[in-house]
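If you want the building blocks of each chain, they are given just below.
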Amino acid sequence: MNRNDDFDQTLSAWLRREAPPQAPDRVLDAALERVAAQSQQRGWLQRLMGRAPGTTLTRVMAVAGVVVIAALIGFEFYNLTSNVGNSPTPNPSVSAEPSASPTPGASASSPEPSGDPSVAALVLRLEGGAEDGRVHLITVLEDGRIITTSHQGTSHPAVERRLTAAGVRLLLDELDATGLTFLTSADYSPIAKPGVDAGYGGAGPALVVGLSGGGTAVTSWVFMPDPEHLTWEPQPEAEALEAMYARLSTLDEWLPASAWADADARPYVPAQYRVHVIGNPWGGSLDDLVEVSEVSWPVSASVTDLLDQIVAISGESDFTSQECSVLSAADAENVQAALVEAGVPAADYFLPSYRLGDRDAARVMELVFEPILPQDETGCAGGYSLYF
Amino acid sequence: MVQRELVELARNGDREAFSALAASVVDRLYATAMLILRDHSMADDATEETIVLAWRDLPSLRDPDRFDAWLRRLLVNACRDEGRRHRRRRPEMTLLPVHEPIIGDSSSALADRDALERGFRRLTAEHRTVLVLHHYLGLTLLEVATTTSAPLGTVKSRVHHATRALRAALEADSRSANMTRGGTA
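Quick notes on the rules
- Residues numbered from 1 in each chain as written.
- Chains lettered and ligands numbered in written order.
- Predicted model: local features only at pLDDT ≥ 70, side-chain atom pairs only at ≥ 80, totals over all residues.
- Heavy atoms only, no water.
- Contact = heavy atoms within 4.5 Å.
- Buried area = accessible area lost by both parts, 1.4 Å probe.
- Salt bridge = Lys/Arg side-chain N within 4 Å of Asp/Glu carboxyl O.
- Axes fitted to C-alpha atoms, helices over the stretch in contact; angles between N-to-C directions.
- Helix = DSSP H or I, 4+ residues; strand = E, 2+ residues; numbered from the N terminus.
- Parallel < 35°, antiparallel > 145°, perpendicular 65-115°, else oblique.
- Left-handed = near helix turned anticlockwise from the far one by under 90°.
- Nonpolar A, V, L, I, M, F, W, Y, C, P; charged D, E, K, R; others polar.
- Pairing = 2+ DSSP bridges.
- Disulfide = S-S within 2.5 Å.
- Buried < 20%, exposed > 50% of the residue type's maximum accessible area, 1.4 Å probe, protein only.
- Expected span 1.5 Å × (residues − 1).
- Arc of directions from axis to C-beta.
- Lys, Arg positive; Asp, Glu negative; His and termini not counted.
- Polar contact = N/O pair within 3.5 Å; in protein donor to acceptor, adjacent residues only side chain to side chain.
- Core = buried A, V, L, I, M, F, W, Y, C linked by side-chain atoms within 4.5 Å.

Colleague: Would you take a moment to explain the interface of chain B and chain A for this structure?
Modeller: How big an interface is tends to be stated in terms of accessible area lost as the parts join. Counting from both sides, the interface comprises 66 residues of chain B and, opposite them, 61 residues of chain A. Buried surface at the junction of chain B and chain A, both sides included, amounts to about 5600 Å², of which 58% is carbon and sulfur. Interface area lost by chain B to chain A is led by H135, R164 and R167 of chain B, which between them contribute 12%. For the interface between chain B and chain A, the tally reads 4 salt bridges.

As structure tokens, this is what we get:
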């Protein structure tokens, strides 16, 4: 049994112990008193059913008759209105973003290793949904490299392995199984049923597919399970995408050994990092923290830019502020070495992270090193959720 | 009479059947509301509201076998509304009852319980909700998503975040307890 299981059991036992075994009598009494004075709410169909005379069968037939007549009237009305220029409404959830080529992932059918692995084209990237942005799950490149990030436990290092061409094909089969083409970007966000006031928070997952002529198609969705269809319109596309998501995020459970050209996981070595600088006025005690000015920062243009970001948010406001700078792997390594040398401990966080003191501004300054994945050219405009 | 029959009768307006149905579920509803809201008065109101709404909207439930899941969803919505209504009010400092004898608990288990209580109270109502549904009612994450009308990814993120926060609270308490012991030795 691992540490997570232990904790889950402790938590479950504690909740069972905390749960009151009985509701006070007053709760049921008060509720039933209100129920006695309240009538039930019935929809128009139920009201019609309730009022129609005769047996259940004849009532059903009577109601069905009303529905058929209403449908016929509606059809006639549609024919009338269609003569005045109404055209069918396109699916509003699918954007008409142009794409360079209508052959998603076709380039992956021959994932021969390219000369320079850092420039191999993107086959697909799967991102998980979270409350505050998305998280990286899988990146597959044309040369068969697959980079995965696990979100189990407290540390989430990305690891790299390599698939065969057939292995990549198996992944693309999962995309085909959705019945969607991934030719252009599309968004399958939930649509509330008419008259229902429903909202939701957080970002859903996304699938980024590389197109053979260059460019990408991004498919995003938010799956809202609603078996009764009380709140949301049916979401067949989101449901299919969620099934694909479940398969791609559990590759080790079903991919055959033959799909792997190299199944040994190695730490992913990025070429660049996004270094997030977070200034937090409520970040805790400054007593044990090394001051920003006590670090012997290495000298380079990008480190200078990082220091500019630190200065920019120092004492900026009473709220948490965040800036970002892109560093090469070598610069990021040098900065981390300088931090360790100055006695700054790495924080308990899922990415390499260091906490410094900024006593003049009475705030904690945190540096978080986020590895940038191949074929991600978004720089500081992109990046994944830091709070997952 | 089995629950399904009671649901069918109540759905057709039988108040007696509904009273029996409500009596059979009220304890579980109240316990869940209490864990989520951590306040007797708010749990009272959320449970009462859930039962009244269940009566009012029962005709809209198409499948009587889904009554429990449907009712949970009503309860979670009622807790959410209750939380919003009381957001600006000062929290009531009611002592929570201890339902099991604490004799035999080790001091570290008691400390764990205190730390869990503190950590749990610091979580947002949304985070407490997913933990209660998942770890107390034993729902799968997909069922939690259905109950809370939240995307599956959001539910996963909330469980992850809440678990981390609680674990951190426990570890911090354990560290400070060790330091105290170290200091007095």
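Colleague: Even after reading the chapter, I still don't get the packing of helix α3 (residues 40–57) of chain B against helix α4 (residues 67–85) of chain B, so can you show me in this structure?
Modeller: Two packed helices can be described by the angle between their axes and the distance between those axes. Residue and element names in this part refer to chain B. Put simply, α3 and α4 touch, their axes get as near as 8 Å, and they point 135 degrees apart. Between α3 and α4, the angle is such that the two are oblique. Crossing handedness for the pair α3 and α4: right-handed. On the side of α3, the interface is formed by M42, D45, A46, T47, E49, T50, L53, A54 and D57, while α4 contributes W70, L71, L74, L75, A78, C79, E82, G83 and R85. A breakdown of the residues in the contact of α3 with α4 according to their chemical character gives 10 nonpolar, 3 polar and 5 charged.

Colleague: Just to check I follow, could you spell out the pairing of strand β4 (residues 158–163) of chain A for this structure?
Modeller: Along any regular strand, the residues point their side chains to alternate faces of the sheet. Residue and element names in this part refer to chain A. Where strand β3 (residues 145–149) and β4 come together, 5 bridges link them in antiparallel fashion. Residue pairing across strands places R145 opposite R162, the latter belonging to β4. Pairing of β4 with strand β8 (residues 260–267), which is carried by 4 bridges, proceeds in the antiparallel orientation. Looking across to β8, one finds that E160 is bridged to R266.

Colleague: Can you help me understand the state of the cysteines in this one?
Modeller: Each disulfide consists of a covalent bond between the sulfur atoms of two cysteine residues. Residues and elements named next belong to chain A. What the rule picks out here adds up to 1 disulfide over all chains. One disulfide bridge connects C324 with C380, the sulfur atoms lying 2.0 Å from each other. On the sign convention where negative is left-handed, the bridge of C324 and C380, at about -75 degrees about the S-S bond, is left-handed. Note that C324 is positioned in strand β10 (residues 321–328) and C380 in the segment after β12 (363–371), a separation of 56 residues in sequence. When its relative accessible area of 15% is taken as the criterion, C324 is described as buried. Under the relative-accessibility criterion, C380 is labelled partly exposed at 35%.

Colleague: I tried to follow helix α9 (residues 329–341) of chain A on my own but got confused; where do I start?
Modeller: Residue and element names in this part refer to chain A. For α9, which comprises 13 residues, the first-to-last C-alpha distance of 18 Å matches the rise-based estimate of 18 Å (1.5 Å per residue) to within 8%. Within the span of α9, buried status applies to D331, A332, V335, Q336, A338 and L339. Projection of α9 onto a plane perpendicular to its axis shows the buried side chains occupying an angular sector of 160 degrees, all on one side. Facing away from the buried surface of α9 by more than 90 degrees, the exposed residues are E333, V340 and E341. Along its buried surface, α9 packs onto β9 (272–280), α8 (301–313), β10, β11 (353–358) and β12.

Colleague: Could you clarify how one ought to interpret the environment of A166 of chain A in this entry?
Modeller: Residue and element names in this part refer to chain A. Relative to the helices and strands, A166 resides in helix α5 (residues 165–176). Judged by relative accessible area, A166 falls into the exposed class, the value being 52%. Linking A166 and G144, residues 22 residues apart in sequence, is a C-alpha distance of 9.6 Å.

Colleague: Explain the sheet that holds β12 of chain A to me, please; I cannot follow it from the model alone.
Modeller: Strand pairs in the sheet, formed through backbone hydrogen bonds, run parallel or antiparallel to each other. Residue and element names in this part refer to chain A. Ordered in space as β10-β9-β12-β11, the 4 strands form an open sheet in which the pairing is antiparallel. Of all strands in the sheet, those with a lone pairing partner are β10 and β11, marking the two edges. On average, adjacent strands in this sheet sit at an angle of 20 degrees to one another, irrespective of strand direction. Here 8 bridges tie β9 to β12, and the two strands are oriented antiparallel to one another. Bridge assignment links I278 to a residue of β12, and that residue is E366. Packed on one face of the sheet, α8 meets β9, β10 and β12 and runs near 175 degrees to β10.

Colleague: Please clarify how the sheet that holds β8 of chain A should be interpreted in this entry.
Modeller: Residues and elements named next belong to chain A. Read from one edge to the other, the open sheet built from 8 strands follows the order β5-β7-β6-β1-β2-β3-β4-β8, with strand pairing classed as mixed. Looking at strand neighbours, the two that pair on one side only are β5 (186–188) and β8, the edges of this open sheet. If you compare each strand with its neighbour and ignore which way they point, the axes differ by 15 degrees on average. With respect to the sheet, α5 is in contact with β1 (122–129), β2 (134–141), β3, β4 and β6 (206–210), its orientation differing from that of β1 by roughly 50 degrees.

Colleague: Just checking my understanding: could you explain the side chain of E366 of chain A for this structure?
Modeller: All names here are of chain A. By secondary structure assignment, the location of E366 is in strand β12. The buried charged residue E366 lacks any salt bridge, with R355 as its nearest oppositely charged partner at 4.5 Å. Polar contacts involving the side chain of E366 include one to the side chain of S353, which spans 3.0 Å.

Colleague: Would you mind showing me how to read the nonpolar core here?
Modeller: The biggest cluster of nonpolar side chains holds 64 residues, and the ones touching the most others in it are F18 and F67 of chain B. If one sorts the elements of this core by residue count, helix α2 (residues 15–37) of chain B sits on top with 14 residues. Dropping the residues within four chain positions of it, F18 of chain B is found in contact with L32 and V35 of chain A together with A10, I51, A54, W55 and L58 of chain B. In this structure, L171, L180, F182 and L241 of chain A belong to the second largest nonpolar core, which totals 29 residues.

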